[in-house]
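Coordinates in review
So you can see what is in the structure, the chains are spelled out below.
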Amino acid sequence: MRKTRLLASVTAADGVRHAFTTLFDYGVFDRFPKLRIVVLESGAGWIGYWLDRLDAVYEATFIGERVPLAEKPSHYFKSRCFISADPDERTIPALADRLGADRFFWASDFPHADHTANYMEEVEELAGLLKPDQRSRFLGENARELYQVRLD
């Protein structure tokens, strides 16, 4: 791990983004209407840009005409996808407002080599940036609902 470089750390999730995109390219959401997707181990701050780009290509280009989807990609994310965020991602509150606070939760599998030792303090700080009604969703409710964890 001591030889891990910055490039390897910040580009490790590129494969996840590529795989995520193929779900739209092959019309997976319309072919499997009950399917829900959970995007993990890749951060969440990228999803805003990615969906903007996917929607733009889908709606305004000949490439988008070839995509076998009834709705634009962001529609499927907002209704059928979930993504975990790392505590150093300060764009999450804006993304939660735009894409739905019920789509995000914190990445609880720590420690990782690419995070500081004060991970929990950073989670608390990030949660503090969220609106009060979004905070409990981000910190646990979304994951409980997604994985159908009962507390009784």
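This text gives an overview of the structure that appears in the document. Here the structure is a predicted model, which is why all the values come from computation and not from measurement.

Counted at 1.5 Å a residue, the expected span for helix H4 (residues 47-60) with its 14 residues is 20 Å, and the 20 Å between its end C-alpha atoms agrees. Ile47, Gly48, Trp50, Leu51, Leu54, Asp55 and Tyr58 are the residues of H4 that are buried. The buried residues of H4 occupy an angular sector of 160° when projected down its axis, which confines them to one face. Every exposed residue of H4 that faces more than 90 degrees away from the buried side is listed here: Tyr49 and Ala60. On the buried face of H4, the contacting elements are helix H2 (14-25), helix H5 (62-65), helix H6 (73-80), strand E2 (81-85), helix H7 (92-99) and strand E3 (104-106).

This part covers the nonpolar core. Of all hydrophobic cores here, the largest spans 34 residues; its most connected members are Phe20, Ile47, Phe77, Ile83, Ile92, Phe104 and Phe138. Counting residues per element, this core draws most heavily on H4, which supplies five residues. Apart from residues no more than four positions distant in its own chain, Phe138 is found in contact with Ala85, Ile92, Phe104, Phe105, Trp106, Leu126 and Leu130.

Relative to the helices and strands, Glu125 is located in helix H8 (residues 119-129). Along the chain, Glu125 and Pro87 lie 38 residues apart, while their C-alpha atoms are 7.8 Å from each other. Polar side-chain contacts of Glu125 include one of 3.3 Å to the side chain of Arg90.

Moving on, we come to the packing of H4 against H7. When two helices pack together, you describe them by how their axes are tilted relative to each other and by the distance separating the axes. Between H4 and H7, the least distance of the axes is 10 Å, while the angle of their chain directions is 40°. Considering their axes alone, H4 and H7 lie oblique with respect to each other. In contact with Ile47, Gly48, Leu51 and Asp52 of H4, H7 contributes Leu95, Arg98 and Leu99. Residue classes in the contact of H4 with H7 are distributed as four nonpolar, one polar and two charged.

On to the layout of surface pockets, then. In this structure, the second largest pocket encloses a volume near 210 Å³. Lining the second largest pocket are Thr21, Phe24, Asp25, Trp50, Arg53, Leu54, Val57, Tyr58, Ile63, Val67 and Pro73. Residue composition of the lining of the second largest pocket, grouped by class: eight nonpolar, one polar and two charged.

As a further point, take the pattern of salt bridges. Where charged atoms from two side chains of opposite charge come close, those side chains can pair. Taken as a whole, this structure holds nine salt bridges when the rule is applied. Glu141 is the salt-bridge partner of Arg137, the closest N and O atoms lying 3.7 Å from each other. Linking Arg137 with Glu141, this pair stays in helix H9 (residues 132-146), spanning four residues, or about one helical turn. Since its relative accessible area comes to 26%, Glu141 is described here as partly exposed. Asp152 serves as the salt-bridge partner of Arg150, at 2.7 Å between the closest nitrogen and oxygen. Of the two residues, Arg150 and Asp152, neither departs from the other in class, the shared state being exposed.

What counts and how
Residues numbered from 1 in each chain as written. Predicted model: local features only at pLDDT ≥ 70, side-chain atom pairs only at ≥ 80, totals over all residues. Heavy atoms only, no water. Helix = DSSP H or I, 4+ residues; strand = E, 2+ residues; numbered from the N terminus. Expected span 1.5 Å × (residues − 1). Buried < 20%, exposed > 50% of the residue type's maximum accessible area, 1.4 Å probe, protein only. Arc of directions from axis to C-beta. Contact = heavy atoms within 4.5 Å. Core = buried A, V, L, I, M, F, W, Y, C linked by side-chain atoms within 4.5 Å. Polar contact = N/O pair within 3.5 Å; in protein donor to acceptor, adjacent residues only side chain to side chain. Axes fitted to C-alpha atoms, helices over the stretch in contact; angles between N-to-C directions. Parallel < 35°, antiparallel > 145°, perpendicular 65-115°, else oblique. Nonpolar A, V, L, I, M, F, W, Y, C, P; charged D, E, K, R; others polar. 1 Å grid on protein atoms, 1.4 Å probe; cavity = no way out; pocket = protein on both sides within 12 Å on 5 of 7 lines; lining within 4 Å. Points joined across faces, edges and corners; volume = space filled by probe spheres on them. Salt bridge = Lys/Arg side-chain N within 4 Å of Asp/Glu carboxyl O.

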